[in-house]
Amino acid sequence: YRREPVAFVREVLKASPDPWQVYALGAIVQHKRLSITACHGVGKDTLAAWLVLWVMFCWSHPKIPCTAPTGHQLYDLLWSEISKWFVRIPKRYRQQFDLKADRFELKRHAKTWFAVARTARKEAPEALAGFHADNIFIAIDEASGVPEVIFEVLEGAMTGPNAMQLLIGNPTQPQGYFHASHHSDRRWHRMRIAAAAAYPKGFKAPAGTWLSERVSPEYVEAMRRKYGEDSNVYRVRVLGLFPRSSDDQAIPLDWVELAANRELPIGWWRRCSQKIVIGVDVARYGSDSTCVVARQGKAILGAWLWHGNSVTETAGKVKALAYRISKLTNEPATNKAGRRPGYLPTICVDGVGVGAGVIDVLRADEKLEVVDVQAGETSNDPDCYRKRDELWWDARWFYQDNEPIIAPGSTDQALTSIVGWTPQKPHIEQDVRDRLIGELATPKYRFTPDGRIVVESKDDVKKRLGGEASSPDVADAHNLTFQATDTDKPKSKIDRYDEQREEQSLDAWVA
């Protein structure tokens, strides 16, 4: 039975394991470390209970720590499942053991032959420390919700000659130890269990994926109707897949990555009918940066940041950028149809704190259109709490619905400086671009008691991430661009000429 846990389950427990459970029982013997993502209702706790009983009855002096994120998951589900199958053991063997509320032990060797149930609590990781034996089996249920420190503590028990570990659960978090066990950590043998009803008949699952018939078609259809096949809920509960991003992220990472992978059409600044808008987030603290982002329609054309400049210097840099855009778009056109009229972009500045001084300096130039954005004021959107929350939600819809584009990165600082940058060939310094992508996908959101959206503040983001985490300044500058109305830029003769030519071509094609 040590070599054949499937035989133990069938002959001793009188159970009939599903095909994926048969494979998993064999995999734990062969690979020692087994990580399983599974959809809802396929028998995860049953597999874990079988393995606990197999180790307890077939190995000598084993130690088996069992854990889960909550007491309900650990005691009401996993431990009760152990109790359910324990009574199937022949009486002459069963009576030698004592199954308690949180401990399962051999009566003769209670101190060295046991399984224990201990909830995974971040504030008390020591409760799962100190397990050392030749025969160790660690069962971690709903592994996505277990704090990282618990995995670190239990890793110390995996030093014995016969140490085995099972991670199993719904893949609810797109980060953490459980996620890594299915992606970057190659020590683990991996399995995924999905609902068979989610796929057409005859579908051949890829390697490592098993389809379970236990999930009813009615459940799958209900989840499809309620959340949609593209939702994270459907991915986790029906397909056994990790979510693309955290459900409570203001902007999911995969949306931003798609924008970063799209190509910016040549001459976008000329083809797009909308003005360039500049968002300015002025630094408030020593570790923060002043950030500037330029957007035209659905394209992010430029992003810059710097430290330590005064209010007048910051305003001077922003003003220089605005006039450079105007100058570049007033250059003689190669086509004799006419010259392109220049235009000054709209500048949106976070007017809270020192940003008010930047606004005052910029408004001294009457040619500039400067918008004072009070991020802390009440939102005009009844679904959002403050103006900042409204801008983040505008950005969310922007990335969800508009197929946006983030200009390519460059390590050439001359090309990406404010002075050297041109809208004809926009680039963003690679480090700034990477920071923008990361910051957009970092803040989370929650709801107020009256149902309005609140996006995580800069300070809360820093506290949550800890360490050297930066404030989402570039992302906030990016979001400020949504405060401006997407007004049309002045049309040149070239624009009208191009439109007429396109209309003539279309008429010819129709004819």
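I will try to describe carefully the structure that is included in this document. (Residues numbered from 1 in each chain as written. Predicted model: local features only at pLDDT ≥ 70, side-chain atom pairs only at ≥ 80, totals over all residues. Heavy atoms only, no water.)

1. Quick look at the packing of helix α3 (residues 44-58) against helix α4 (residues 71-86)
For clarity, the threshold we go by: Working convention: axes come from line fits to C-alpha atoms, limited for helices to the stretch in contact. Angles between N-to-C directions cover 0 to 180 degrees. Each helix corresponds to a stretch of at least 4 residues labelled H or I by DSSP, and each strand to a stretch of at least 2 residues labelled E; elements are numbered beginning at the N terminus. For this classification, under 35 degrees means roughly parallel, over 145 means roughly antiparallel, 65 to 115 means roughly perpendicular, and everything else is oblique. Left-handed describes a crossing whose near helix is turned anticlockwise from the far helix through less than a right angle; right-handed describes the clockwise counterpart. Note on contacts: a residue pair is in contact if any heavy atoms of the two residues lie within 4.5 Å. In this count, Pro and Cys sit with the nonpolar residues alongside Ala, Val, Leu, Ile, Met, Phe, Trp and Tyr, while Asp, Glu, Lys and Arg are called charged and the others, Gly among them, polar.
The N-to-C vectors of α3 and α4 enclose an angle of 55°; their axes lie 9 Å apart at closest approach. Here α4 runs oblique to α3, going by the angle between their axes. Taken as a pair, α3 and α4 cross one another with a handedness that is right-handed. The segment α3 lies against α4, with Asp45, Thr46, Ala48, Ala49, Trp50, Val52, Leu53 and Phe57 engaging Gln73, Leu77, Leu78, Glu81, Ile82, Trp85 and Phe86. Tallied by class, the residues present in the contact of α3 with α4 amount to 11 nonpolar, 2 polar and 2 charged.

2. Notes on the side chain of aspartate 350
The criterion, for reference: Polar contact is the term for a pair of N or O atoms within 3.5 Å; when the atoms are in protein, one must be able to donate a hydrogen and the other to accept it, and sequence-neighboring residues count only if both atoms are side-chain atoms.
Checked against the element boundaries, aspartate 350 lands in strand β13 (residues 346-350). Among the polar contacts listed, one links the side chain of aspartate 350 to the backbone nitrogen of valine 352, at a separation of 3.2 Å.

3. Quick notes on helix α13 (residues 355-363)
Going by this rule: Under the scheme applied here, a residue whose accessible area is under 20% of the maximum for its type counts as buried, over 50% as exposed, and between as partly exposed, the area being computed with a 1.4 Å probe on protein chains only. This arc is taken over the directions from the axis of the helix to the C-beta atoms.
For α13, the set of buried residues is Gly355, Val358, Ile359 and Leu362. Across the axial projection of α13, the buried residues extend over an arc of 100°, all falling on one side. Here the buried face of α13 lies against α12 (311-328), β13 and β14 (369-373).

4. Here's the deal with the sheet that holds strand β15 (residues 405-406)
Stated formally: Paired strands are those between which DSSP finds at least two bridges.
Across the sheet, which stays open at both edges, the 6 strands sit in the order β14-β13-β10-β11-β12-β15 with mixed pairing between neighbours. At either end of the open sheet lies a strand with only one pairing partner, and these are β14 and β15. Of the strand pairs in this sheet, strand β11 (residues 290-296) and strand β12 (residues 299-306) are connected by 7 bridges, and their pairing is antiparallel. From the neighbouring strand, glutamine 296 faces β12, where its bridge partner is alanine 299.

5. Notes on the pairing of β13
Note the following rule: Classification remark: right-handed applies to a crossover when, strands pointing away from the viewer, the course from the first strand over the helix to the second runs clockwise.
Burial of β13 is extensive: 5 of the 5 residues sit out of reach of the surface. Judged by which residues are buried, β13 turns out to be covered on both faces: Thr346, Cys348 and Asp350 on one side and Ile347 and Val349 on the other are all buried. Where strand β10 (residues 276-281) meets β13, 4 bridges bridge the pair, whose relative direction is parallel. In the strand pairing of β13, isoleucine 278 is matched with isoleucine 347. Bridge count between β13 and β14: 5 bridges; the pairing is parallel. Bridging from a neighbouring strand, threonine 346 pairs with glutamate 369 of β14. In this view, the connection linking β13 to its parallel neighbour β14 by way of α13 has right-handed handedness.

6. Considering the environment of proline 62
Structurally, proline 62 can be placed in the loop between α3 and β2 (63-67). Among the residues examined, proline 62 registers a relative accessible area of 0% and is labelled buried. Residues proline 62 and histidine 132, 70 residues apart in the sequence, show an inter-C-alpha distance of 9.3 Å. Contact partners of proline 62, with chain neighbours within four places excluded, come to Val55, Met56, Thr112, Trp113, Phe114 and Asn135.

7. Observations regarding the sheet that holds β2
Spatial ordering of the open sheet is given by β3-β4-β5-β2-β6-β7-β1-β8-β9, a layout of 9 strands whose pairing is mixed. Only two strands of the sheet have a single neighbouring strand rather than two, namely β3 (97-99) and β9 (209-212). On average, adjacent strands in this sheet sit at an angle of 15° to one another, irrespective of strand direction. In this structure, strand β1 (residues 33-38) lies alongside strand β8 (residues 189-195), joined through 5 bridges in parallel fashion. Paired with serine 35 across the strands is arginine 190, a residue of β8. Running over the sheet, helix α2 (residues 19-31) touches β1, β6 (135-141), β7 (162-169), β8 and β9 and is turned about 170° from β8.

8. Comments concerning the nonpolar core
The condition that has to hold: Put simply, buried Ala, Val, Leu, Ile, Met, Phe, Trp, Tyr and Cys residues joined by side-chain atoms within 4.5 Å make one nonpolar core.
Counting residues in hydrophobic clusters, the biggest one holds 61 residues, and the most contacted among them are Phe8, Trp20, Ile36, Val52, Trp54, Phe104 and Phe137. The leading source of residues in this core is α3, at 11 residues. Filtering out sequence-adjacent residues up to four positions away, phenylalanine 137 remains in contact with Ile28, Leu51, Val52, Val55, Lys63, Ile64, Pro65, Met164, Gln165 and Leu166. In this structure, Ala250, Ile251, Phe398 and Val474 belong to the second largest nonpolar core, which totals 37 residues.

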